[in-house]
Amino acid sequence: MSLSPQPRRLWRDVILFDGLQVQPTPMTVLVEGGQVAGLWPQGAFDERLAVGASESGRGGVMTPGLVDCHTHLVYAGNRAAEFEQRLEGVSYSEIAQAGGGILSTVRATRAASEEQLIVASLPRLDALLADGVTTLEIKSGYGLTVADELKMLRVARRLGELRPVRVLTTLLGAHALPPEYAGRADDYISLVCEEMIPAAAAEGLADAVDVFCEGIAFSPAQCERVFQAAQRHGLAIKAHAEQLSNLGGSALAARYGALSADHIEYLDEAGVQALAAAGTVAVLLPGAFHCLRETQLPPIDLLRQYGVPMALASDANPGTSPICMPTLMANLACSLFRLTPREALAGMTAHAARALGRPDLGRIEVGAPADLCLWDVQQPAELAYAVQPGRLRQRIFNGAISYR
Ligand code: NIG
Ligand code: FE
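Residues numbered from 1 in each chain as written. Chains lettered and ligands numbered in written order. Predicted model: local features only at pLDDT ≥ 70, side-chain atom pairs only at ≥ 80, totals over all residues. Heavy atoms only, no water.

An unreviewed UniProt entry lists the chain under the name Imidazolonepropionase, with Aquipseudomonas campi as the source organism. For the record of the chain, the UniProt heading Sequence similarities (unreviewed entry) holds the text "Belongs to the metallo-dependent hydrolases superfamily. HutI family." Among the UniProt annotations of the chain, the heading Catalytic activity (unreviewed entry) holds the following wording: "4-imidazolone-5-propanoate + H2O = N-formimidoyl-L-glutamate". (UniProt positions renumbered as here; feature names shortened; annotations may be inferred.)

Participant: What is the right way to read the nonpolar core from this model?
Facilitator: If you look at soluble globular proteins, the nonpolar side chains tend to sit buried side by side. One finds Leu136, Val226, Phe227, Leu284 and Leu303 to be the most contacted residues of the largest nonpolar core, which totals 97 residues. Per-element accounting of this core gives the leading share, nine residues, to helix α6 (residues 185-202). What Leu303 contacts, discounting residues up to four positions off in sequence, is Ile264, Leu267, Val272, Leu275, Ala282, Leu284, Val308 and Met310. (Core = buried A, V, L, I, M, F, W, Y, C linked by side-chain atoms within 4.5 Å. Buried < 20%, exposed > 50% of the residue type's maximum accessible area, 1.4 Å probe, protein only. Helix = DSSP H or I, 4+ residues; strand = E, 2+ residues; numbered from the N terminus. Contact = heavy atoms within 4.5 Å.)

Participant: What exactly am I supposed to notice about the coordination of the iron ion (ligand 2) here?
Facilitator: Ideal geometry at a metal gives 109.5 degrees between four tetrahedral donors and either 90 or 180 degrees between six octahedral ones. Coordination sphere of the iron ion (ligand 2), protein contribution only: His70 (NE2), His72 (NE2), His240 (NE2) and Asp315 (OD), at 2.0 to 2.4 Å. Read in sequence order, the donor residues coordinating the iron ion (ligand 2) give the pattern H-x1-H-x167-H-x74-D. Linking His72 in the loop between β6 (66-68) and α1 (80-87) with Asp315 in the loop between β13 (310-312) and α12 (326-337), this pair joins segments that are 243 residues apart in sequence. Both residues of the pair, His72 and Asp315, count as buried. (Donors = N, O, S within 2.8 Å, 3.2 Å for Na, K, Ca; no water.)

Participant: Whenever I open this one, unusual backbone geometry confuses me. Can you help?
Facilitator: Most peptide bonds take the trans form, and the phi angle of most residues other than glycine is negative. Of note, Ile264 is a non-glycine position whose phi angle comes to about 55 degrees, a positive value. Residue class for Ile264 comes out buried when judged on its relative accessible area of 0%.

Participant: When you look at the packing of aromatic side chains in this model, what are you seeing that I'm missing?
Facilitator: How two aromatic rings sit relative to each other is set out by the distance from centre to centre and by the angle between their planes. Within this structure, the stated rule accounts for six aromatic pairs. Relative to Phe45, the ring of Trp40 lies with its centre 4.8 Å away and its plane at 65 degrees, an arrangement referred to as edge-to-face. Seen in terms of ring centroids, Phe227 and Tyr256 are 5.8 Å apart; in terms of plane orientation they differ by 45 degrees. Their pairing is tilted. Taken together, the residues span a long stretch of sequence, with Phe227 in helix α7 (residues 220-232) and Tyr256 in the loop between α8 (249-255) and β11 (260-263) at a distance of 29 residues. As far as burial versus exposure is concerned, Phe227 and Tyr256 are alike and both buried. (Phe/Tyr/Trp six-rings, centres within 6.5 Å; stacked < 30°, edge-to-face > 60°.)

Have a look at this one:
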């Protein structure tokens, strides 16, 4: 969403997490024209620069605006009944194989108009904004026809116009096999490659293409065809991979220069090496891990050892992660995956931005877009330590203060 230029604004005495590190001393932050115009450690600020600037805040913790780099925010209906089934011992895969799971949301989403999808999705978007999100990715994947996938992407783009937030869109046509293609998965992949991707690219509706590489979804060979089609149309590549088993989907995605491989609980060392070699970001989704009561941990130590950047996202979706609270993801990533609070915060800012191919976002540095959060806490680690809505004092988007 583009906004008119904002006035000069000044924040003083903030503890600053810049997207990678916490600055050692309180900082003064100057924002002008929608960008970070200056950063000074306490005492180093030239007061003449304050003339004409609006004093916008003092104290607290400032972070980059949060980047939620993996969401399925646009959908109709809900899957509370499947939640109950899973609690009784039926697995996510069994529900999917019986025609529920993703396909149950596909039925509801196909039946919904664009307007109905907007109405259903806005409260979820507002929950993310209230917890500090200034950029998010929204995937399609519950339409599974050309028309319904484009409908979802149009709704995603529209959400970015209705609220002050940056929305990047991802075509996830290869999310599940629609019932009308039962037994003809290769034909469905042809539809994705020859019709969906070209149509989404022609209309400028997708920034990236994603696949679900899994036994209950698509094989590596089928995903590879999708990656080739994405490349032909100049779209970035992402993959849901190694969520329930190890099929080598992450390494395959990395070979195609993917921005990210997401979930990756079952990723092995060779897969980690492939991500490292390609500069592909590992996106951790602790909400899905938690909701599926998964026990296989993602290979965090190997990712650290090979220097693979780790991003964190909500994966907000009706099945595996009906959660619209990024700071809860930070808490879960620390408690369940043993990330440090600093790693968790970098995962929701600098590394998440990289997973979207937008390394200009998720950092507080001079010249960066002024997407910022001012939190009522004393130290950044508190954002991962406590689960407590309402601590966001200001959300600054493109230099303008607004919660919405
Ligand atoms: O990220 N893994 C596949 N896709 C989603 C879940 C979608 C759904 O269950 O509706 C995920 O977990
Ligand atoms: Fe997902």
